[in-house]
Structures are given as structure tokens and as C-alpha cells.
Amino acid sequence: RGLLDKYGYKDTEIILNEWNYCTGWYREKITHSYETIRSLRGAAYVSACQIDAQKSPIDMFMYYDARPGTAFNGMFELGTLKPMKPYYSFLAFNELYKLGSETKSESDDNDVYVLSAKGDKKAVLISYYGAIDAEDKVIELHLSGFEKPNSKITYKILNNEFNLETTKEEYINGSAVTLYNKMEANSVMLLTIE
């Protein structure tokens, strides 16, 4: 944005299309890319990219692609059209989108991406996208701004076992709380707060 503004293109849109996971175009690198696109690591990558894009000046951000039978499709299996892991990253991001208003969120860990929103409820999306050999880690999450006591937090997890399914519910009391949750490497967590 700064470069465009500097040269007088202040009203020019920033559009990033055909983005996806790709480490290279030949042999082992493209094979690795195709395999990762469809995997849990690919899903964590999708969520991390969505979060970064939301926090950037990008105007349009198009995933490539969702056509079954194409090499870069990470959404639907060929033939069965069953959702693959990255599909659920889009579902999670949509939960925040539907709320309507982004709220302040930040991470002090380069491998942990976080985005929050509010509307008729609140939600927090967390993507732990680390190195291929990254290990599980405990995520310390500080939440604040609760107007009512006894807020209900629902945890939905996207990992090797779950496809953005509810794994836990708990109640918190007070205007702020610190939560500690263990996340698998290259996984996604969605918290909804009511």
C-alpha cells in the first residue's frame, strides 16, 4: 500500500489472486506442495493466510482453487466431493466474517496467528502454522471486554482427529480471562463466546 501511495496510486486496489501453498514448481517440491494443500498443514496455512490478509491492506484475496480434480484444489475430494481439511478453515473464517466487526487481536508468537470479531456473539480464530516438524504447544490466550458475567466459550478444533467440531465448552466469569490450551502443530482452533 505504501509503495502504491508513494507513486500516486492511492485509489488502486490491492488484489492477490491464485494464492495457495507452493514451495516450488518441480519434482519433489511440487509433489510436496500438492500433498500439503490437501492436508491439515495446508488447512493451518490457509487460516494463517486468511488472518494475515484480513490484517493487511489487501482488498481482494482469492484462493486457488476449489475445483475438484485440479492440482491446487484443497477444498473437495475428487469424485466424492467430501470436504478436505482446508475446507474447514474457510468455515471457521466465515464464522468471524458473519459477526461483522473485527476486534483487536495480536500474537507475540510468529507461528501463531489470531483474529477476533464480534457481533451477536464474539469469536476468536487461532492458527498454529509452524515448521513441518513443529511440536504441540500451549497457547496462552488473554481475552477481555466481556460485558456480562458467565460467558460461555465453545471450542471447535481442526486437527487430525476433528473437522472443526466442538471439543469443549466452559463458562468464564468476569470482564477478562486468561486461557491455556494445548494445540497440535499445524492446527486451527475456533472459540465462540456467548
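Please refer to the structure higher up on the page.
Since the structure is predicted, the reported quantities are computational estimates derived from the model, not experimental observations. Every chain's residues receive numbers from 1 upward, in the order its sequence appears when written. Where local features are concerned, this predicted model is filtered to residues with pLDDT of at least 70; where side-chain atom pairs are given and counted, the filter is 80 or more; whole-chain, interface and lining totals use all residues. The basis for the side-chain values is all heavy atoms of the structure; hydrogens and waters are excluded.

Novice: Mind showing me how you'd approach the overall build of the protein chain here?
Specialist: Counting secondary structure elements, the protein chain contains four helices and 10 strands. Our radius of gyration is a C-alpha quantity, and the globule rule it is checked against amounts to 2.2 Å times the number of residues to the power 0.38. What you see for the protein chain is a C-alpha radius of gyration of 18 Å, in line with the 16 Å of a compact globule of 194 residues. Considered along the principal axes of its C-alpha atoms, the protein chain spans approximately 55 × 50 × 30 Å. Burial classes: relative accessible area under 20% of the type maximum marks a residue as buried, over 50% as exposed, and values in between as partly exposed (1.4 Å probe, protein chains only). When burial is assessed residue by residue, the protein chain has 41% of its 194 residues classed as buried. Working rule for contacts: check all heavy atoms of both residues, and any pair within 4.5 Å makes them a contact. For the protein chain, restricting intrachain contacts to residue pairs at least 6 apart in sequence, the fraction spanning at least 24 positions comes to 61%. Note that accessible areas follow from Shrake-Rupley with a 1.4 Å probe, and for residues the cover is restricted to the protein chains shown. Entry remark: accessible area of the protein chain is about 11300 Å², with carbon and sulfur atoms responsible for 49%. Neither His nor the chain termini are counted; the positive set is Lys and Arg, and the negative set is Asp and Glu. Every charge is mapped to an atom, namely NZ of Lys, CZ of Arg, CG of Asp or CD of Glu. The centroid of the 22 positive side-chain charges in the protein chain is displaced by 2 Å from the centroid of its 28 negative side-chain charges. Strands here mean DSSP runs of E at least two residues long; helices mean DSSP runs of H or I at least four residues long; both are numbered from the N terminus.

Novice: Would you take a moment to explain helix H4 (residues 85–99) for this structure?
Specialist: One turn of an α-helix holds 3.6 residues; hence residues three or four places apart share an orientation. Along H4, the residues that are buried comprise Lys-85, Pro-86, Tyr-88, Ser-89, Ala-92, Phe-93, Leu-96 and Leu-99. For H4, the buried positions fall inside an angular range of 155 degrees around the axis, keeping them on one side. Exposed and facing more than 90 degrees away from the buried side of H4 are Tyr-97 and Lys-98. After H4 finishes, the residue Gly-100 shows a positive phi value of roughly 100 degrees. It is the directions from the helix axis to the C-beta atoms whose arc is reported.

Novice: Please clarify how the state of the cysteines should be interpreted in this entry.
Specialist: Between two cysteines, a covalent bond joining their sulfur atoms is known as a disulfide. Disulfides are defined as cysteine sulfur pairs within 2.5 Å. Taken as a whole and judged by the stated rule, the model has zero disulfides. Left unpaired, Cys-22 is separated from the closest cysteine sulfur, that of Cys-49, by 12 Å. In this structure Cys-22 comes out as partly exposed when scored by relative accessible area, which is 31%. Overall, Cys-49 belongs to the buried group, its relative accessible area being 15%.

Novice: For this particular structure, what's the right way to read the packing of aromatic side chains?
Specialist: Both the distance between ring centres and the angle between the ring planes are used here to describe each pair of aromatic rings. For this analysis, a ring pair means two rings from Phe, Tyr or Trp (six-membered ring only for Trp) whose centres lie within 6.5 Å, classed as stacked if their planes differ by under 30 degrees, edge-to-face if by over 60, and tilted for the remaining angles. Tallying each qualifying case throughout the model produces 11 aromatic pairs. Ring geometry for Trp-19 versus Tyr-45: centroids 6.4 Å apart, planes at 55 degrees, classification tilted. Taken together, the residues Trp-19 in strand E1 (residues 15–19) and Tyr-45 in helix H3 (residues 40–54) connect sequence positions 26 residues apart. Centre to centre, the rings of Tyr-21 and Tyr-45 are 5.3 Å apart; their planes meet at 90 degrees, and the pair counts as edge-to-face. With a gap of 24 residues between them, Tyr-21 in the loop between E1 and helix H2 (27–37) and Tyr-45 in helix H3 connect regions that are remote in the sequence. By relative accessible area, Tyr-45 is classed as buried at 18%. Counting every residue linked through ring pairs, the aromatic cluster contains Trp-19, Tyr-21, Tyr-45, Phe-61, Tyr-63, Phe-90 and Tyr-129.

Novice: Looking at this model, I keep getting lost on unusual backbone geometry. Mind explaining?
Specialist: Glycine aside, residues mostly have negative phi angles, and peptide bonds mostly take the trans form. Here Tyr-64 and Asp-65 are connected by a cis peptide whose omega angle stands at 5 degrees. Despite not being glycine, Glu-18 has its phi angle at roughly 55 degrees, a positive value. Within the secondary structure, Glu-18 sits in strand E1. Classification of Glu-18 by relative accessible area gives exposed; the value is 56%. The phi dihedral of Leu-164 is positive, around 55 degrees, even though this residue is not glycine. Structurally, Leu-164 is set in strand E8 (residues 163–172).

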